[in-house]
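# Examining the three-dimensional arrangement
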Amino acid sequence: MPLDLSVLNLSVLNFTTLLYTIKFEDDMNVRSYMLDFTLESQHVKEVVSSIFHTVLLHRTFGKISYKKESTYSIGTLGVKDNDCGRIDFTYCSVNNAQLSADIEKQVSQFHSELRGSVNAGLTRNGVITLEFYERKKARWPFAAELFTWEVQIM
């Protein structure tokens with residue numbers, strides 16, 4: 001069940017929380033990365049959040065201001081350090097409250113689904129993905145199309 005997420009006025013993020021294996025055989029032009037972890041339940045939120053924030057920091061462009069035809073200036077987005085509470089690790093993220101809240105919401109949902117099965121005495125495997133896509137404008141009478149260009153699978 002994909003959940004559309006528009007962050008920083010960029011329509012390029014799509015979180016998907018799944019509890020089964022994902023295959024992208026039909027998408028030939030999609031760059032996909034699979035990260036496989038074995039974690040204790042208490043570390044899931046911090047590990048997934050740190051990876052998502054790190055990936056998004058590296059995929060976020062700075063502020064570019066054009067003054068004239070050949071004159072421009074490049075600014076930066078705010079960056080903040082985040083300390084993990086349960087593991088000895090610090091990571092950087094984009095300093096944006098809305099982005100942090102959206103990531104926290106999705107990761108918490110994923111963690112609670114995994115935790116429910118662990119509390120039932122089951123060992124559970126889970127998959128969460130971060131997709132980057134381009135939204136093509138809709139042409140009447142068709143809806144807008146989404147073209148995925150990168151997928152991070154954990």
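Let us look at the structure shown here. (Residues numbered from 1 in each chain as written. Predicted model: local features only at pLDDT ≥ 70, side-chain atom pairs only at ≥ 80, totals over all residues. Heavy atoms only, no water.)

### Brief notes about the overall build of the protein
Each helix and strand counted, the protein has 2 helices and 9 strands in total. Counting from the amino terminus, the protein carries its helices and strands in the arrangement β-β-β-α-β-β-β-β-α-β-β. Counting all 154 residues of the protein, 32% fall into the buried class. Contacts in the protein between residues at least 24 apart in sequence constitute 59% of all its contacts with a sequence separation of at least 6. Just so you have it, the protein exposes about 10600 Å², and 50% of that area is on carbon and sulfur atoms. (Helix = DSSP H or I, 4+ residues; strand = E, 2+ residues; numbered from the N terminus. Buried < 20%, exposed > 50% of the residue type's maximum accessible area, 1.4 Å probe, protein only. Contact = heavy atoms within 4.5 Å. Areas by Shrake-Rupley, 256 points an atom, 1.4 Å probe, with all protein chains shown as cover.)

### Quick word on the nonpolar core
Of all hydrophobic cores here, the largest spans 17 residues; its most connected members are Val48, Phe52, Leu56, Ile103, Phe110, Ile128 and Leu130. Those elements that provide at least two residues to this core are α1 (44-59), α2 (97-119) and β8 (127-136). By residue number, the principal contributor to this core is α1, which donates 7 residues. (Core = buried A, V, L, I, M, F, W, Y, C linked by side-chain atoms within 4.5 Å.)

### A few points about the pattern of salt bridges
Tallying each qualifying case throughout the model produces 3 salt bridges. Note that glutamate 150 and arginine 59 form a salt bridge whose closest N and O atoms lie 2.8 Å from each other. Placement of the pair is glutamate 150 in strand β9 (residues 145-153) and arginine 59 in helix α1, with a sequence separation of 91 residues. Given a relative accessible area of 2%, glutamate 150 falls into the buried group. For arginine 59, a relative accessible area of 31% translates into the label partly exposed. A salt bridge links glutamate 134 to lysine 136; the shortest N-O distance between them is 3.5 Å. (Salt bridge = Lys/Arg side-chain N within 4 Å of Asp/Glu carboxyl O.)

### Concerning a nonpolar patch on the surface
A cluster of nonpolar side chains, Ile64, Tyr66, Tyr72 and Ile74, forms an exposed patch at the surface whose accessible area comes to about 510 Å². Mapped by element, the contributors of at least two residues to the nonpolar patch are β4 (64-66) and β5 (72-74). Along the chain, isoleucine 64 turns up in strand β4. Taking relative accessible area as the criterion, isoleucine 64 reaches 48% and is therefore assigned partly exposed. (Patch = residues over 30% accessible without salt bridge, like charges linked within 9 Å, V, L, I, M, F, W, Y side chains within 5 Å.)

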